[in-house]
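Architecture and fold: a report
So you can see what is in the structure, the chains are spelled out below.
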Amino acid sequence: MRFDLSSLGAIGLAVASSLTVLWWMDQAGLRGEARAAETTAISAPATGGPAQVLKASDGHYWADVRIDGRTIRAMVDTGASVMVLTKEDAVRLGLGLTPEDFDARLVTASGPVRAAPVRLQSVSVSGARVEAVEALVVAEGLPHSLLGMSYLGRLSGFTATPAALTLNP
């Protein structure tokens, strides 16, 4: 298996993001809320039909993700524990965040960043739809949004081949 420098950077960012989210949740006393969200997630499975995401020439799986009726492009990242949105994508989605909403601090591979926790009403890739998805919006420092496990983990499964990723609701 061969990795280029940008792939290693993306993997490092994903791992750092995941660990930072856990640390932030612990500091903010959200472990109980996370467990409640997991219970909700179990009772609200994904709906719709299977979706296929083709592997791009850069070696990543890029998906057109429909969030609350609007579409963004995000990299599929199984190493990210939650969906992570850039501030620019949050504006495109009409989330209407204020500077005060960015009250969480995350430590990423690129250094510390401010983030705003949000709950997205619905997230879908093709027909694979999930309701009430937890996400973080980062103020700066992320080149693109990430489709993480707060969406992927709610699917019944997903499989990767050298050419495509299949998402099964």
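Right above here is the structure, for reference.
Fair warning: this is a prediction, and the values are worked out from it, not measured in the lab.

For the protein chain, the count of helices and strands is four helices and ten strands. Residue burial in the protein chain is summarised as follows: out of 169 residues, 43% are buried. In the protein chain, once contacts between residues fewer than 6 apart in sequence are set aside, the share between residues at least 24 apart is 61%. For the protein chain, the computed accessible surface area is about 9,000 Å², with 55% contributed by carbon and sulfur atoms.

The three strands lie next to each other as E1-E10-E9, forming an open sheet whose pairing is antiparallel. Strand pairing shows two members of the sheet lacking a second neighbour, strand E1 (51-54) and strand E9 (157-160), which therefore form its edges. If you compare each strand with its neighbour and ignore which way they point, the axes differ by 15 degrees on average. Pairing of E1 with strand E10 (residues 164-168), which is carried by four bridges, proceeds in the antiparallel orientation. Within E10, the position partnered with Val 53 by the bridge is Leu 165.

This part takes up the nonpolar core. Of all hydrophobic cores here, the largest spans 32 residues; its most connected members are Met 83, Leu 147, Tyr 151 and Leu 167. Where this core is concerned, the elements lending two or more residues are E1, strand E2 (62-67), strand E3 (70-76), strand E4 (83-86), strand E6 (111-125), strand E7 (128-138), helix H4 (149-152) and E10. Other than its neighbours up to four places away in sequence, Tyr 151 contacts Met 83, Val 123, Ser 124, Val 125, Ala 128, Val 130, Val 133 and Leu 167. Formed by 13 residues, the second largest nonpolar core is a distinct cluster that contains Met 75, Val 84, Ala 104 and Leu 146.

We now examine the pairing of E2. Side chains on a regular strand alternate between the two faces of the sheet. In this structure, E2 lies alongside E3, joined through six bridges in antiparallel fashion. When the sheet's bridge partners are listed, Arg 66 is paired in E3 with Thr 71. Sheet topology places E2 next to E6; three bridges connect them, and they run antiparallel. Among the inter-strand pairings, Arg 66 is bridged to a residue of E6, identified as Ser 124.

Our next topic: the packing of aromatic side chains. One pass over the structure, following the stated rule, counts zero aromatic pairs. Lys 87 extends its terminal NZ or CZ atom over the ring of Phe 102, reaching a point 5.5 Å from the ring centre.

It is worth spelling out the environment of Thr 161 at this point. By the secondary structure assignment, Thr 161 is in the loop between E9 and E10. A C-alpha to C-alpha distance of 8.8 Å links Thr 161 and Lys 55, two positions 106 residues apart in sequence.

A full pass over the atoms with the stated rule returns four salt bridges. The closest approach of N and O atoms between Asp 64 and Arg 73, which form a salt bridge, is 3.2 Å. For Asp 64, a relative accessible area of 48% translates into the label partly exposed. Notably, a salt bridge pairs Arg 119 with Glu 134, separated by 2.5 Å at the nearest N-O pair.

A few words now on unusual backbone geometry. The phi torsion at Asp 68 lies on the positive side, around 50 degrees, for a residue other than glycine. Along the chain, Asp 68 turns up in the loop between E2 and E3. The class of Asp 68 is partly exposed, set by a relative accessible area of 31%. You will see that Ser 126, though not glycine, has its phi angle at about 50 degrees, which is positive. By secondary structure assignment, the location of Ser 126 is in the loop between E6 and E7. Classification of Ser 126 as exposed rests on a relative accessible area of 59%.

The rules behind each value
Residues numbered from 1 in each chain as written. Predicted model: local features only at pLDDT ≥ 70, side-chain atom pairs only at ≥ 80, totals over all residues. Heavy atoms only, no water. Helix = DSSP H or I, 4+ residues; strand = E, 2+ residues; numbered from the N terminus. Buried < 20%, exposed > 50% of the residue type's maximum accessible area, 1.4 Å probe, protein only. Contact = heavy atoms within 4.5 Å. Areas by Shrake-Rupley, 256 points an atom, 1.4 Å probe, with all protein chains shown as cover. Pairing = 2+ DSSP bridges. Axes fitted to C-alpha atoms, helices over the stretch in contact; angles between N-to-C directions. Core = buried A, V, L, I, M, F, W, Y, C linked by side-chain atoms within 4.5 Å. Phe/Tyr/Trp six-rings, centres within 6.5 Å; stacked < 30°, edge-to-face > 60°. Lys NZ or Arg CZ within 6 Å of the ring centre and 35° of its normal. Salt bridge = Lys/Arg side-chain N within 4 Å of Asp/Glu carboxyl O.

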